[in-house]
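Chain residues, written in single-letter form:
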There are 2 protein chains.
Amino acid sequence: MNQDYIKPDNWSIIEEGFDPSRVKSSESLFSIGNGAMGQRANFEEHYSGPTFQGSYIAGVYYPDKTRVGWWKNGYPEYFAKVLNAPSWIGINISINGEALDLFTCKNVENFCRTLNMQEGWLSRSFTATLQNDITVQVETKRFLSLDLDELGAIQYSIKPVNSDAEISFQPYLDAGITNEDSNWDDTFWDVSHVEHNQHQAFIEAKTMKTHFHTCTFMESQVFINKNLLETTPKIQEKSNYIAFTYTCNVKQNNTCSIHKFAGYTVDTNHDKKHLLTAAKTVLQHALNKGFSTLLSDQKQAWQNIWERADITISGDVKAQQGIRFNIFQLNQTYLGKDSRLNIGPKGFTGEKYGGSTYWDTEAYCIPFYMATKDQQVARNLLEYRYNHLEKAIENAEKLGFKDGAALYPMVTMNGEECHNEWEITFEEIHRNGAIAFAIFNYFRYTGDYSYIPEKGLEVLIAIARFWQQRATFSKNKNEYVILGVTGPNEYENNVNNNWYTNYLAQWCIRYTIENIEKVENEFPSDFTRIINKVALRPSEITEWKATADHMYLPFSEEHDIYLQQDGFLDKELITVSDLDDAQRPINQKWSWDRILRSPYIKQADVLQGFYFFETHFSTEALERHFNFYEPFTVHESSLSPCVHSIQAAKLDKMDQAYTFYLRTSRLDLDDYNKEVHEGLHITSMAGTWMSIVEGFGGMRIIDNQLSFTPKIPKQWEAYSFKVNFRNQILKVTITQKETHFEIEQGTELNVLVNNKPRLLKKK
Amino acid sequence: MNQDYIKPDNWSIIEEGFDPSRVKSSESLFSIGNGAMGQRANFEEHYSGPTFQGSYIAGVYYPDKTRVGWWKNGYPEYFAKVLNAPSWIGINISINGEALDLFTCKNVENFCRTLNMQEGWLSRSFTATLQNDITVQVETKRFLSLDLDELGAIQYSIKPVNSDAEISFQPYLDAGITNEDSNWDDTFWDVSHVEHNQHQAFIEAKTMKTHFHTCTFMESQVFINKNLLETTPKIQEKSNYIAFTYTCNVKQNNTCSIHKFAGYTVDTNHDKKHLLTAAKTVLQHALNKGFSTLLSDQKQAWQNIWERADITISGDVKAQQGIRFNIFQLNQTYLGKDSRLNIGPKGFTGEKYGGSTYWDTEAYCIPFYMATKDQQVARNLLEYRYNHLEKAIENAEKLGFKDGAALYPMVTMNGEECHNEWEITFEEIHRNGAIAFAIFNYFRYTGDYSYIPEKGLEVLIAIARFWQQRATFSKNKNEYVILGVTGPNEYENNVNNNWYTNYLAQWCIRYTIENIEKVENEFPSDFTRIINKVALRPSEITEWKATADHMYLPFSEEHDIYLQQDGFLDKELITVSDLDDAQRPINQKWSWDRILRSPYIKQADVLQGFYFFETHFSTEALERHFNFYEPFTVHESSLSPCVHSIQAAKLDKMDQAYTFYLRTSRLDLDDYNKEVHEGLHITSMAGTWMSIVEGFGGMRIIDNQLSFTPKIPKQWEAYSFKVNFRNQILKVTITQKETHFEIEQGTELNVLVNNKPRLLKKK
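Since the structure is predicted, the reported quantities are computational estimates derived from the model, not experimental observations.

Peer 1: In this structure, what is going on with the overall build of chain A? I would like to understand it.
Peer 2: Each helix and strand in chain A was counted, giving 19 helices and 32 strands. Rg of the C-alpha trace for chain A: 27 Å, near the compact-globule value of 27 Å for 763 residues, within the 12% margin. For chain A, the spread of C-alpha atoms along the principal axes amounts to about 85 × 55 × 55 Å. Residue pairs at least 24 apart in sequence account for 69% of intrachain contacts in chain A once pairs closer than 6 positions are excluded. Total accessible area on chain A is roughly 26,700 Å²; 45% of this is exposed by carbon and sulfur atoms. Computed over 76 positive and 98 negative side-chain charges, the separation of the two mean positions in chain A equals 2 Å.

Peer 1: Would you explain the UniProt feature "domain: Glycoside hydrolase family 65 C-terminal" (unreviewed entry) in chain A in this entry?
Peer 2: UniProt records the feature "domain: Glycoside hydrolase family 65 C-terminal" (unreviewed entry) for residues 699-757 of chain A in the present numbering. Here residues 699-757 of chain A is 0% helix and 64% strand, with 14 Å between the C-alpha atoms at its ends.

Peer 1: What's the story with the pattern of salt bridges in this structure? I'm lost.
Peer 2: Residues and elements named next belong to chain A. In this structure the tally under the stated criterion is 94 salt bridges over all chains. Notably, a salt bridge pairs Asp560 with Arg624, separated by 3.3 Å at the nearest N-O pair. Here Asp560 is found in the loop between strand S24 (555-556) and strand S25 (561-562), whereas its partner Arg624 is found in helix H16 (residues 619-629), with 64 residues between them in sequence. According to the relative accessible area criterion, Asp560 is partly exposed, its value standing at 34%. Of the residues examined, Arg624 reaches a relative accessible area of 33% and is grouped as partly exposed. In this structure, the salt-bridge partner of Asp655 is Lys714, at a minimum N-O distance of 2.6 Å. Taken together, the residues Asp655 in helix H18 (residues 654-665) and Lys714 in the loop between strand S27 (705-708) and strand S28 (718-725) connect sequence positions 59 residues apart. Residues joined in a network through salt bridges with shared partners are Arg379, Glu383, Asp448, Glu454 and Lys455.

Peer 1: Is there a simple way to think about the environment of Lys72 of chain B in this case?
Peer 2: With respect to the secondary-structure elements, Lys72 of chain B resides in the loop between strand S5 (61-65) and strand S6 (78-82). Note on Lys72 of chain B: relative accessible area 6%, which makes it buried. Spatially, the C-alpha atom of Lys72 of chain B lies 7.7 Å from that of Trp422 of chain B, the residues being 350 residues apart in sequence. Once you skip the residues sitting within four places of it in the chain, Lys72 of chain B turns out to touch Glu421, Glu423, Asn493 and Trp592 of chain A together with Trp422 of chain B.

Peer 1: Is there a simple way to think about the side chain of Asp526 of chain B in this case?
Peer 2: Residue and element names in this part refer to chain B. Assignment of secondary structure puts Asp526 in helix H11 (residues 524-534). Note on Asp526: relative accessible area 18%, which makes it buried. A distance of 2.9 Å separates polar atoms of two side chains, one belonging to Asp526 and the other to Arg529. Apart from residues no more than four positions distant in its own chain, Asp526 is found in contact with Pro453 and Val519.

Peer 1: Whenever I open this one, the packing of aromatic side chains confuses me. Can you help?
Peer 2: Note on aromatic pairs: each is described by the distance of the centres and the angle between the planes. Inspection of every chain in the model, using the stated rule, returns 129 aromatic pairs over all chains. A ring pair is formed by Phe555 of chain B and Tyr562 of chain B, whose centres lie 5.3 Å apart and whose planes are at 70°; its orientation type is edge-to-face. Across the ring face of Tyr449 of chain A, the terminal group of Lys518 of chain A is positioned such that the distance to the ring centre comes to 4.1 Å. Here Lys477 of chain B stacks its cationic end above the ring of Tyr552 of chain B, 4.8 Å away from the centre of that ring.

Peer 1: Is there a simple way to think about the interface of chain B and chain A in this case?
Peer 2: A common way to report how large an interface is uses the accessible area buried once the components associate. Listed as interface residues are 46 residues of chain B and, on the opposing side, 46 residues of chain A. Roughly 4,200 Å² is buried in total at the junction of chain B and chain A, and carbon and sulfur atoms are behind 50% of that figure. Taken together, the links from chain B to chain A amount to six salt bridges. The partner of Asp570 of chain A in a salt bridge is Lys477 of chain B, with the nearest N and O atoms 2.4 Å apart. Scanning the region where chain B abuts chain A turns up 14 residue pairs in polar contact (both at pLDDT 80 or more). For the side of chain B that touches chain A, the elements supplying multiple residues, two or more each, are helix H7 (422-425), strand S22 (472-474), helix H13 (586-589) and helix H14 (592-597) of chain B. Among the elements that line the side of chain B that touches chain A, the one with the most residues is H14 of chain B, at five residues. Taken together, the residues that form the side of chain B that touches chain A break down as 15 nonpolar, 15 polar and 16 charged.

Peer 1: Before we go on, may I ask you to explain the relation of the copies chain B and chain A in this structure?
Peer 2: Superposition of the two copies of the chain requires a rotation about an axis together with a shift along that axis. Placing chain B over chain A gives an RMSD of 0.0 Å and needs a rotation angle of 180°, together with 0.0 Å of translation along the axis. Those values place the two copies in the arrangement expected of a two-fold rotation axis. Among all residues of chain B, the minimum C-alpha distance to the rotation axis is found for Val68 of chain B, at 2.2 Å. Here 100% of the contact residues of chain B are again contact residues in chain A; the copies associate through an equivalent surface.

Peer 1: When you look at the sheet that holds strand S18 (residues 234-238) of chain B in this model, what are you seeing that I'm missing?
Peer 2: Strand pairing in a sheet relies on backbone hydrogen bonds. The paired strands run either parallel or antiparallel. Residue and element names in this part refer to chain B. Across the sheet, which stays open at both edges, the five strands sit in the order S8-S7-S13-S19-S18 with antiparallel pairing between neighbours. In this open sheet, the two strands that pair with only one neighbour each are strand S8 (98-99) and S18. Sheet topology places strand S13 (residues 165-174) next to strand S19 (residues 241-250); eight bridges connect them, and they run antiparallel. Bridging across to S19, Ile167 finds its partner in Cys248.

Peer 1: Could you clarify how one ought to interpret the packing of helix H16 (residues 619-629) of chain B against helix H17 (residues 640-650) of chain B in this entry?
Peer 2: In helix packing, the relevant descriptors are the interaxial angle and the interaxial distance, both defined with respect to the helix axes. Residue and element names in this part refer to chain B. H17 packs onto H16 with a crossing angle of 130° between their chain directions and a minimal axis gap of 10 Å. Taken together, the axis directions place H16 and H17 in an arrangement best described as oblique. For H16 against H17, the interelement crossing comes out left-handed. Taken together, the residues of H17 that come into contact with H16 (itself represented by Thr619, Leu622 and Phe626) are His644, Gln647, Ala648 and Lys650. Each residue belonging to the contact of H16 with H17 can be placed in one class, and the counts come to three nonpolar, three polar and one charged.

Peer 1: Teacher, can you tell me more about the sheet that holds strand S31 (residues 748-753) of chain B here?
Peer 2: All names here are of chain B. Judged by pairing direction, the sheet is mixed, and its four strands sit side by side in the order S26-S27-S31-S32 without closing on themselves. Each of the sheet's edge strands pairs with one partner strand only, and the pair in question is strand S26 (700-702) and strand S32 (756-761). When strand polarity is set aside, the average angle formed by the axes of neighbouring strands in this sheet is 40°. By the bridge criterion, six bridges tie S31 to S32 in an arrangement that is antiparallel. From the neighbouring strand, Leu752 faces S32, where its bridge partner is Pro757.

Peer 1: Looking at this structure, how should I read helix H5 (residues 375-387) of chain A?
Peer 2: The periodicity of an α-helix, 3.6 residues per turn, causes residues three or four positions apart to be oriented the same way. Residue and element names in this part refer to chain A. Helix length check: H5, at 13 residues, gives a terminal C-alpha distance of 18 Å against a target of 18 Å (1.5 Å per residue), a fit within 8%. With ten of 13 residues buried, H5 lies mostly within the body of the structure. Against helix H4 (360-372), helix H6 (389-398), helix H8 (431-446), helix H9 (451-470) and helix H11 (524-534) lie the buried residues of H5.

Peer 1: What exactly am I supposed to notice about the packing of H9 of chain A against helix H12 (residues 538-549) of chain A here?
Peer 2: All names here are of chain A. Packing of H9 against H12 brings their axes to within 10 Å, and their N-to-C directions diverge by 60°. With respect to H12, the element H9 is oriented oblique. Remark: the crossing between H9 and H12 carries left-handed chirality. Residues Ile461, Ala464, Arg465 and Gln468 of H9 form the contact with H12, whose participating residues are Glu540, Glu543, Trp544 and Thr547.

Peer 1: Would you take a moment to explain H9 of chain A for this structure?
Peer 2: If you check H9 of chain A, its first and last C-alpha atoms are 27 Å apart, about what 20 residues at 1.5 Å a residue would give, namely 28 Å. Where burial is concerned, most of H9 of chain A is hidden: 17 out of the 20 residues are buried.

Peer 1: Would you explain the environment of Ala279 of chain B in this entry?
Peer 2: Here Ala279 of chain B shows up in helix H2 (residues 275-309). In contact with Ala279 of chain B, not counting residues within four places along its chain, are Phe202, Cys215, Phe217 and Thr265 of chain B.

Peer 1: Mind showing me how you'd approach the pairing of strand S9 (residues 107-116) of chain A here?
Peer 2: In the case of a regular strand, side chains alternate between the two sheet surfaces. Residue and element names in this part refer to chain A. Pairing of strand S1 (residues 12-16) with S9 involves five bridges; the strand directions are antiparallel. Following the sheet pairing, Ile14 is matched in S9 by Thr114. Between the antiparallel neighbours S9 and strand S10 (residues 121-129) lie four residues, among them Gly120 with a positive phi of about 80°.

Peer 1: Sorry, what's going on with unusual backbone geometry here?
Peer 2: In most cases, non-glycine residues show a negative phi, while peptide bonds are predominantly trans. Each neighbour pair has its own omega, and for Arg584 of chain A with Pro585 of chain A the value is -5°, a cis peptide bond. Here Pro585 of chain A shows up in the loop between S25 and helix H13 (586-589). Phi at Gln198 of chain A is positive, roughly 55°, even though this residue is not glycine. Of note, Gln198 of chain A is situated in the loop between strand S14 (189-197) and strand S15 (200-207). Judged by its relative accessible area of 66%, Gln198 of chain A falls in the exposed class. Even without being glycine, His211 of chain B reaches a positive phi, approximately 55°. You can see His211 of chain B is positioned in the loop between strand S15 (200-207) and strand S16 (213-224).

So, how was this worked out
Residues numbered from 1 in each chain as written. Chains lettered and ligands numbered in written order. Predicted model: local features only at pLDDT ≥ 70, side-chain atom pairs only at ≥ 80, totals over all residues. Heavy atoms only, no water. Helix = DSSP H or I, 4+ residues; strand = E, 2+ residues; numbered from the N terminus. Rg over C-alpha atoms; globule rule 2.2 N^0.38 Å. Contact = heavy atoms within 4.5 Å. Areas by Shrake-Rupley, 256 points an atom, 1.4 Å probe, with all protein chains shown as cover. Lys, Arg positive; Asp, Glu negative; His and termini not counted. Charge placed at Lys NZ, Arg CZ, Asp CG, Glu CD. UniProt positions renumbered as here; feature names shortened; annotations may be inferred. Salt bridge = Lys/Arg side-chain N within 4 Å of Asp/Glu carboxyl O. Buried < 20%, exposed > 50% of the residue type's maximum accessible area, 1.4 Å probe, protein only. Polar contact = N/O pair within 3.5 Å; in protein donor to acceptor, adjacent residues only side chain to side chain. Phe/Tyr/Trp six-rings, centres within 6.5 Å; stacked < 30°, edge-to-face > 60°. Lys NZ or Arg CZ within 6 Å of the ring centre and 35° of its normal. Buried area = accessible area lost by both parts, 1.4 Å probe. Nonpolar A, V, L, I, M, F, W, Y, C, P; charged D, E, K, R; others polar. Least-squares fit on C-alpha atoms with pLDDT ≥ 70 in both. Pairing = 2+ DSSP bridges. Axes fitted to C-alpha atoms, helices over the stretch in contact; angles between N-to-C directions. Parallel < 35°, antiparallel > 145°, perpendicular 65-115°, else oblique. Left-handed = near helix turned anticlockwise from the far one by under 90°. Expected span 1.5 Å × (residues − 1).

So this is what it looks like as structure tokens:
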């Protein structure tokens, strides 16, 4: 954890001072993205110190060969790896023939990096003295356009301050890139064509095996004191690289600048024959507008996002900065325009984990997108899974299930499983339940039932089939059991009767039956179509009912709590507070077996179930379970503090709720887990949003109405958030004294406040 | 399974007819070894069809970088890989300029391969017609000398039968070899020096990282019709290869032959500076003796082994062939001369598994070596573990244990862990118990207590410390539990309270306390030395006692049996007989999760405990447990049928015992598991020996006496075996009517036969 690294600021992420040991971490924290592509905050100019280069294109991946020590039947042969794409940002700088390289400069002063979240751009400024004693002031700014989502723009300005200087800009494209995380030292890109034309250059390359065709492009303009330099660059071309060199003689205290417009066109959006033409069209748009106009468009586009999604916090700048960083990164990662995309756990900020879709999407991200975007965005996320249903059925077949049962993959890019640890891949099956829960949650929030008869019911039936087949009848217990699973708490593997899993399975089956009946009654033609398509037999429903009605749920009479799994009470029940700090985080200090036999919980498990199915349990029961399990919880998953913050707020444990909130909202900014250099924790950022809106704000949907039980941490003066509820936009402001509601879009709204009805009207 | 592949024969393994699809399997089955080196039955001449080349030097390994999908804390960074060594067998043949290659010949007839187990050599003969229509008769013979264990000898003879021919022999050494099983496409050998001198050649090479220095050497003699050809070969030398070409014109129906003497000297046995000199000395010995004398020495050396180790079976040639194959391979793998070596699971017949030492050595192999060799051999195997004690303590420390607790590795070459699946590496801890059991077993059999005060007690204390620390107290059960283990049945992972493990832990602690007391009373100076060395505190023993005396042992009142682990009865208890044959073997047909939640047992688990601790349980209890567990056992481990055969024989289930015996004894010959091409199952071969001696012969040690309860399968006329019991050699012959004892070495012996004492005297 590093609390002094990032300067507190309401709207920006700011780093001051140049520290090579922080470069990789800052490259993650200052990443930019526009939903279609993303870029780590690598320097434009060459940097010879430790760095982790990353340029990513949404949906473009590579099927890396599975690497395991001992092969187990059922492992996927390949998994989708997040792929480093050809670099478009590079601009090598030379000053009187010496390369500008912050790692080898004599001196670097006034280094400042700013990620302006309000306006959506990244800047950097510094004064550097080179080995040749020339001192230059440098300012750079770059962004990935929200409007033209195939375009990035860079402005890079240099002022020599202690002498005249010959300055060269060398903008380049480089397809000779590698992945940090590569199993087999494979190369991933196959370059077919390098082309240049005046100030434009293009590299056409396709990914090996997956054959995504891309065109990486650039065009540059050089200015001296804002006057466009008319010059012909020198061209350096290799089989996978092209660079233009622009050289100008710059007087002391004059400024020369380059504007580089660059990006990718991809055959997921264009005919692969027309990628170069499409790239030229993007460049034409960019040139027509110019850097300044593109930047103002960018500010406007981000203003539109913040208008719907901003959360304000008064009196606690770190908390304010934290929540805005979370909202900003979620929007950089996924904007909901394209139902083929999803929310990768590292977004566009790193390579770790592979694949783009985890149960995080359904369990943590959908509420954020439902409340801050149009309804279609959440629906796109549901349809993503509908579109993968066939592959989920194939996946289940590989594991021995039949008759249309589906097991969605633990990690996926294209519907196929990407994970290869048996205890996760084959056993962390609760993910199937979250996918059903998201369908329920979407309808609960939006009131849009149409998704279920159109598509959702097919998914529900396939999931119910899975649970019925996966449960087995125990003669010994005279109930159905689910053996050999991993629950949300991944610090337990291959356990029997994980309560969360069993409870979710039971709920999935019942919810599916309920919706089959509803669709039969209300959408008879959809009913007929679906039942025929999936060949549902009435006897199946009888079997499902038997399984759900006799599902075993481990329970301790002594403690009056549900047990996380069979045998939990046989552990040495030593709480986290009795654990030596030197032993933490246990996932870095302890061997895996020791973690497994300990009572320590990585993330909410029973409490996750209480979060999903809050209305099924009394507050007293929640409190008993919270008091029993939280003391064993080490929160070593980014997804843990948010759920605990929500539950603590509900239980009026506001100090705990606030501590959990800070941990979730500033997880990356303060680098709690010492791993921010690998990339950011994107999906947990949606959990942070939930901590405020559902935790402190106490927002729920009760009988088609918004309900609030507003609370406020004592550290804050006030906070506000907005939600789009069924096309009405409500702003909620909570101070230490009162709660204020304002309808920003729409006319009137019935809500519950502390369980009392109130009619809100637009002023 | 392929029952018609190998011709039944009492003393030889015979393959008739050339079938390229069987080449890899035969390369395993016809492997030769002499304890110091080994060689798969690759052809001497070039073969362009599918082949798996393997030359192995005992104790020479490579630390391969661990390959896992997701790293878990505690995994070993490297593991010892069995290494393919420079090839010494190669002799390329050319007939009128065309290479002899059985894969591309026009015709191959009368192909026959024989492994003569009685005399210890491999031969091959065939008639081949080349594309150039020359037909040649070829005979080859080779062996690895038992007397000169750095030497291999090959005789290769060719007779052109349809015309004169120009025949070239090209003997070569090749250090440009690779491993089949290589994680990273690394090369493993670094050649420093290639040298030749007249008819001799040498390649000095060292292994990368481990720096084992070796000299591979050869010298050849060419004969026409037994007359030595005086000729100077052409020499072809590369950086890692050297070949001599001898060309002779051979008249139709004349024979030309080559004798190639070759092998390795290694710096584990010589100063690394003198490897070449040592190699020359070996060649000098070989040349002095010549091929024929070396071969007669070989026959004599094998006769000496068979004199002590042979088992005869009358009336069942397949059973006879099976047991001799097992005894032969065990002796090819390990002769007990060198306490730095051990019994690799594939011996010198393949690369799979890495490492050389598993718990197989203690649980399955030691009884064979105790009974068929001098006592020192088994003692060497115990000392091997004593010599690794420090590394076992380090290994335990890595997993969080302390104060001198030891966890021996699951797989090792040099004392370090070689395995990298958490559920095995960290959790299959019962191996520690087998190491203690072997100490007990050695004393029980040999009566040699000296090992315990000298060395064994230190091992026992370190193991007892491990068990005490590994068990935890369950308030819920009010007993000590051992959570998160994998038992011998590896089709269960991360289970709680595996009965075998808990029972063994309890026994280890008690046996250690018993021996501490005995050493204190009978060997006080050893006692003082050891207690000081290991810093044993009296309070530790109190803790150990508490743990052992309150060890939880899962038990079912309903079935009156010990449960394999907590929760076993919650499974769907469908027996193997109800399992569709198409589903088997389940480890090839089912995904891992499905195997884990099934009731199916890979190998004896509870029954393994009943085997080790037979006297602790009544025969009725054994029968109950056998009847309960065997029906769920799929015997997909090579180590399963032998234990079941012994238990079945004890329970008078002779038909089952015989079936299990056949399965264990002909596992590789009949390729039950369709994997013999990867190498042989060496360690289970010792289990086969136990099936006869302990199973059918019913041999036990009771109160320092041999005891027998002889039985005989109805398929056999008679069988006999010999045992060395405390330096007396007893031959036991069992017919359908009677049991005959003969003292072959020694004077008289008190034994029990069917629990009745009998005094045997030498006739």
